[in-house]
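# Structure assessment
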Amino acid sequence: MNHYDALLEHIQQVVPLSEESKGYIREEFRVKELRKKEILLQQGDVSQHMRFVTKGCFRCFTMDEKGKEHIMLFGVEGWWINDLYSYLTQLPARIVIQALEPSVVLQIHRDSMEGLFQKAPVMERFFRIKIQNAYVALQERTMHSMSQPAEQRYLDFRKKYHDIEQRVPQYLIASYLGITPEFLSSIRKKGVEGPVS
């Protein structure tokens, strides 16, 4: 499956697409290839694109005043990655997006997005649904991290993102869970790393 087919299939899981709309999507989205460790969005830049991952794995993280990294989320094939706050407000990005392996995204500039909405109105509905889902997921993650012990957060991560766990170093998973790598190691040694159904 090529990059555009993956995007079109993803969109059609949410909204129906006419052949004409598919053509507009192919015209407006651009392929961007990244090397391992290459930065897709730098903290302080303004996000001008919506990006869909067709190959690879990314991490989105912030840096605190002491220079410590905090993983906000990961992104793999079939996911959208962005600093949505920066994209919507046009204020400087608070997060860095970095490829963890050779990766490819299909991206559309915000100016082109407005044109796409005019030509294929169904895409406005698609992005409204995606942004609503992103908000719900963010609130769920925030509440979960405040109310669940670390062991449960790790088990839930393994169950929900099993393929990500296989591709991402343990210290990054620890950062995502808000714990130290040593504490994650001790959780895993307790036998929590058994098979996940």
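Just so it is clear, the model here is predicted, and its values are computed rather than measured. (Residues numbered from 1 in each chain as written. Predicted model: local features only at pLDDT ≥ 70, side-chain atom pairs only at ≥ 80, totals over all residues. Heavy atoms only, no water.)

### Topic: helix 1 (residues 3–12)
Within an α-helix, residues lying three or four positions from one another point in the same direction, as the helix has 3.6 residues per turn. What counts is decided by this rule: Buried, partly exposed and exposed residues are distinguished by accessible area as a fraction of the type maximum, computed with a 1.4 Å probe on protein chains only: under 20%, between the cut-offs, and over 50%, respectively. Strands are runs of DSSP state E lasting at least 2 residues, helices are runs of H or I lasting at least 4, and numbering of each runs from the N terminus. Note: the arc covers the axis-to-C-beta directions of the helix. Counted as a polar contact is a pair of N or O atoms within 3.5 Å, where, for protein atoms, one must be capable of donating a hydrogen and the other of accepting one, and residues adjacent in sequence contribute only when both atoms are in side chains.
For helix 1, the full list of buried residues reads Y4, L7, L8, H10 and I11. Burial along helix 1 is one-sided: seen end-on, the buried residues are contained in an arc of 160 degrees. Measuring from the side-chain oxygen of the N-cap residue of helix 1 to the backbone nitrogen of Y4 gives 2.9 Å; that N-cap residue is N2.

### Let's talk about the sheet that holds strand 1 (residues 30–34)
For the record, the criterion: In short, DSSP must find at least two bridges between two strands for them to pair. In this description, contact between two residues means that some pair of their heavy atoms is separated by no more than 4.5 Å. To obtain each axis, a line is fitted to C-alpha atoms, and for helices this fit is confined to the stretch in contact; angles are then taken between N-to-C directions over 0 to 180 degrees.
One open sheet holds the four strands; their spatial order is 1-8-3-6, and the pairing between them is antiparallel. Two strands in the sheet have a free side with no partner beyond their single neighbour: strand 1 and strand 6 (80–81). Two elements, strand 1 and strand 8 (residues 103–109), share five bridges in a ladder whose sense is antiparallel. Among the inter-strand pairings, K32 is bridged to a residue of strand 8, identified as V105. Along the sheet, helix 1 contacts strand 1, strand 3 (49–55), strand 6 and strand 8; its crossing angle with strand 3, the most-contacted strand, is approximately 110 degrees.

### Concerning the side chain of T54
Note on placement: T54 falls in strand 3. A residue is classified by how much of its surface remains accessible, and T54, at 14% relative accessible area, is buried. A distance of 2.6 Å separates a polar atom in the side chain of T54 from a polar atom in the side chain of H3.

### Topic: the layout of surface pockets
Note the cut-off: The definitions used throughout rest on a 1 Å grid laid over the protein atoms alone, on which a cavity is an enclosed set of points accommodating a 1.4 Å probe that cannot get out and a pocket is an open set flanked by protein within 12 Å on both sides along at least five of seven lines; lining residues are those having an atom within 4 Å of a point. Grid points are joined across faces, edges and corners, and a volume is the space filled by probe spheres set on the points. For this classification, Asp, Glu, Lys and Arg are treated as charged, while Ala, Val, Leu, Ile, Met, Phe, Trp, Tyr, Cys and Pro are nonpolar and the rest, including Gly, are polar.
Reported here for the largest pocket is a volume of approximately 1600 Å³. Forming the walls of the largest pocket are 39 residues, and the residues nearest its centre are M72, L73, A134, A137 and L138. For the lining of the largest pocket, the elements supplying multiple residues, two or more each, are strand 3, strand 4 (57–63), strand 5 (69–76), strand 6, helix 3 (84–89), helix 5 (122–147), helix 6 (150–160) and helix 8 (170–177). Here the residues of the lining of the largest pocket sort into 22 nonpolar, eight polar and nine charged. Estimates place the volume of the second largest pocket at around 240 Å³. If you list the elements that add at least two residues to the lining of the second largest pocket, you get strand 5 and helix 8. Per element, the largest residue contribution to the lining of the second largest pocket is four residues, and it comes from helix 8. Of the residues contributing to the lining of the second largest pocket, the split by class is six nonpolar, four polar and three charged.

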